[in-house]
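Next come the chains, spelled out residue by residue.
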Amino acid sequence: MHHREYKMHCLSIFLLCLLAIQKIGAYNCRQVERDALLEFKAGVNDPSGLLASWRGEDCCTWAGIKCSNQSGHVVKLNLQSDNDNYLSGEINPSLEALTDLKHLNLSYNNFSGSAFPKFVCSFRNLKHLDLSGTGLSGMIPSAISNLSKLQYLDLHNFYLPSLSISNIWPLSHLTSLKTIDLEGVNLHDSREWVQTLNMLPSLETLILGQNNLTTIPSSLSIVNFTSLKLFFLESNNFNTHIPGWIGQITSLTELHLALCPFIGSIPYTFDNLSSLNSLSMYALYGLKGPVPSFRNLHNLTSLGLADVNINEDIITISSKLSNTLEKLEILMLTNTNLVGNLTGWLDKWLDKVPNLAELDLSMNKLNGTIPAEIRNLTNLTVLLLSGNSFSGEISELHLVGLSKLRALDLSSNSITITINSNWVPPFQLTQLDLVHLTNLQVLDLADNSLSGSIPQNMDKMMAMTSPNQDPKRNSSYPKLFIDGPNYYIASMVLSVKGLELEYSTTLTFLKSIDLSGNYLTGEIPQTITSLLGLINLNLSNNNLKGTIPVEIGKMQPLESLDLRMNELSGIIPQSLANLDFLSSLNLSYNNLSGKIPTGNQLQTFFDPSIYIGNAHLCGSPLNKSCNTETSHNYNVKDDDNNLDEILLYLFAAIGFGFGFWAFFGVLMFKRNWRYRLFQTVDDMFDKIYVFVMLNFARLRRDASE
């Protein structure tokens, strides 16, 4: 019996211990840490209410706070913001009270002008520190070496003035570091940065960019970056050869060396990087060919050598890259002085690039025709071939297999696109370069889900800037038609004057732009009025804002203008009346205001529906007259009317209030007046009551008889 009682006693003690542990787990945060957090909150501006939950006794339940289940100490403070919701002000040193902090993330808040918080260096248990994008400036203290448990350090910053490190050597003590991001941090041309970081054997990610570095050693006795996977070294000032020891970091999966003034050629040691997925070396203008034979880069998915002076035949380059092509998805060889043609290249390598999605061969010296076999690159989403010397025709046979294509640039070549008018392509473009299409006469991009703004340099489309000439003199113009999503040449159907019209023999005379039915934003560029040969302009069904260009009247040949269903505002320019050939106009469903211009060709438009949906328009043909003197300032007038109404109601309310209190104020102080009023009201009520009851009794008597 005693034994059973003893067991029950032990069980009770055990349960009490569990309850105690549970109570510790639910332990409120320490008062001193709660006060420190509230002091931090008081020192920041929080317009979006990110710290709205920071109230009450238990700070462990506040947003961004995590506490230890054993001690109740705050171990994590994560207040990372986005572009729209962020804190600003200062980082209060009260946070030094969070002595057990292991994770601190204040990234992308705006602490611009504040110095690096030195108290952070006292958090000896800290494993994760992210102060990136916060606008901090000044010197990073050497005491950062105290953070011996730190595994993640992100201080990247693009604000000026930026953070600085006068001596990078203290980082060598942070032997647990796996990630370092110091992009934008001024390293003051440190000459020991490689030797220092080479002492961190656990390092997996090293991001250094825009650091004012000019020195990189040509050799290392021991390469200790045995775990490094991502090496980012862009936008520094290394005016030297690319060191061969980088090719000994065989663990690398990504290597970024772009925008550095390296000289010489690509090291042959790079062929040792058999784990490499991405190699980015664009804009290395001092680098020259030849490209080494990459026999071991079997895992490469992205290769960017844009602006490197390779100066080789495209077939030769492909031979050197033959072992890398199978998994390759992105190939960027822009402006590399490539020569040759695509016919032999595709014949030899087409079946070896099954995953190719982005191909950029623009701004080279490639020539010949574009072979129809390019259609077999079925995974292509981006095809950029501009700025070469390609010639010949492009037909639907070239494009039929490119169902994933989203961006196409064939500009600055001598290509004619010949496509049957009833062909529907399997893709829908979201990007097309128009800058170099100087000979373009007809541009139809209607219903293509295009977004962004209309290019400001529309005046570069030279074929549209002059009135029509003799068709024989224009017959050499290459023509590109991409219509939602249909391509036409020789015979085509266009939406002109609100109708679907087919052009064939008269196509040479036509100069037309149709960007309707897209998601274009911004304003109509003023340069569009330089297209003095344009006959049809259709920008309807977009999200365009701003005003109609004032000088639109310069476009004399314009016969059809459709700007309906946008968000255009302001007045209709009087110069619109100068368009003597205008026979179709639609400005409906915008935010236009003022008087509709009159004169010349505008007098022939009697249909009010072309102006409908503009609440502040007035004048003929609308059934709404307007004051001539103020019609051009209709919005101002409307605002004045609104002000008059507000003042009217305001004075009426004041008058009512004054009369109300004047009347009842007298009653409050004149007792005999008050009694007289109530007696009169009472007598009136009695008379009404007697009158109603007598008539009601009479009606009942008449009804009973």
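Higher on the page you've got the structure.
This one's a predicted model, so the numbers in the text were calculated from it and none came from an experiment.

Conventions we followed
Residues numbered from 1 in each chain as written. Predicted model: local features only at pLDDT ≥ 70, side-chain atom pairs only at ≥ 80, totals over all residues. Heavy atoms only, no water. Pairing = 2+ DSSP bridges. Helix = DSSP H or I, 4+ residues; strand = E, 2+ residues; numbered from the N terminus. Axes fitted to C-alpha atoms, helices over the stretch in contact; angles between N-to-C directions. Contact = heavy atoms within 4.5 Å. Buried < 20%, exposed > 50% of the residue type's maximum accessible area, 1.4 Å probe, protein only. Arc of directions from axis to C-beta. Polar contact = N/O pair within 3.5 Å; in protein donor to acceptor, adjacent residues only side chain to side chain. Phe/Tyr/Trp six-rings, centres within 6.5 Å; stacked < 30°, edge-to-face > 60°. Disulfide = S-S within 2.5 Å. Core = buried A, V, L, I, M, F, W, Y, C linked by side-chain atoms within 4.5 Å.

K.L.:
It is not clear to me how the sheet that holds strand β19 (residues 365–369) should be interpreted in this structure. Could you clarify?
P.N.:
As a general point, the strands of a sheet are linked pairwise by backbone hydrogen bonds and lie either parallel or antiparallel. If you walk across this open sheet you meet the four strands as β17-β19-β21-β23, and the pairing is parallel. The open sheet has two edge strands, β17 (339–341) and β23 (414–417), and neither has a second partner. On average, each strand axis in the sheet is tilted by 20° relative to the strand beside it, whichever way the strands run. The sheet contact formed by strand β21 (residues 389–394) and β23 spans four bridges and is parallel. Within β23, the residue paired with G392 across the bridge is I415. Lying over the sheet, helix α5 (residues 342–349) contacts β17, β19 and β21, oriented at roughly 70° with respect to β17.

K.L.:
For this particular structure, what's the right way to read α5?
P.N.:
For the α-helix, the turn length of 3.6 residues means that residues three or four positions removed from each other point alike. Of all the positions in α5, only L342, W345, L346 and W349 are classed as buried. Mapping the buried residues of α5 onto a view down its axis gives an arc of 90°, with all of them on the same face. Those residues of α5 that are buried are in contact with α4 (314–320), β17, β18 (358–360), β19 and β21. Looking at where α5 begins, the residue whose side-chain oxygen comes 3.1 Å from the main-chain nitrogen of T343 is N341.

K.L.:
Hey, could you run me through the packing of aromatic side chains in this one?
P.N.:
How two aromatic rings sit relative to each other is given by the distance of their centres and the angle of their planes. Here the structure, examined in full by the defined rule, presents six aromatic pairs. Consider the rings of F119 and F123, whose centres lie 6.0 Å apart with planes at 75°: the pair is edge-to-face. For F119, a relative accessible area of 11% gives the class buried.

K.L.:
Looking at this structure, how should I read the pairing of strand β35 (residues 591–595)?
P.N.:
Moving residue by residue along a regular strand, the side chains alternate between the two faces of the sheet. In this sheet, β35 lies alongside strand β33 (residues 569–570) in parallel orientation, the contact comprising two bridges. Following the sheet pairing, S569 is matched in β35 by N591.

K.L.:
Would you mind showing me how to read the state of the cysteines here?
P.N.:
In total, this model carries three disulfides according to the counting rule given. In the protein, the bonded cysteines, taken in the order they occur along the sequence, pair up as 1-2, 3-4, 5-6.

K.L.:
Before we go on, may I ask you to explain the nonpolar core in this structure?
P.N.:
Looking at soluble globular proteins, one finds that nonpolar side chains tend to be buried together. Judged by nonpolar contacts, the single largest core of 121 residues is most densely connected at L37, L77, W193, F231, L255, F270 and M281. Going through the elements one at a time, α2 (31–42), β2 (65–67), β3 (74–78), α3 (193–197), α4, α5, β21 and β23 are the ones with two or more residues in this core. In terms of residue count, the dominant contributor to this core is α5 (four residues). Discounting chain neighbours no more than four positions away, the residues touching F231 are W193, L206, I246, I249, L252, E254, L255 and H256. Core analysis: the second largest hydrophobic core is formed by 39 residues, L539, M555, L568 and I572 among them.

K.L.:
Help me understand the sheet that holds β35 in this model?
P.N.:
Strand order in the open sheet made by the three strands is β33-β35-β36, with parallel pairing throughout. Pairing within the sheet leaves two strands with one partner each, and these edge strands are β33 and β36 (616–618). Bridge count between β35 and β36: three bridges; the pairing is parallel. Bridging across to β36, G594 finds its partner in L617.

Geometric values such as these leave the question of function open.
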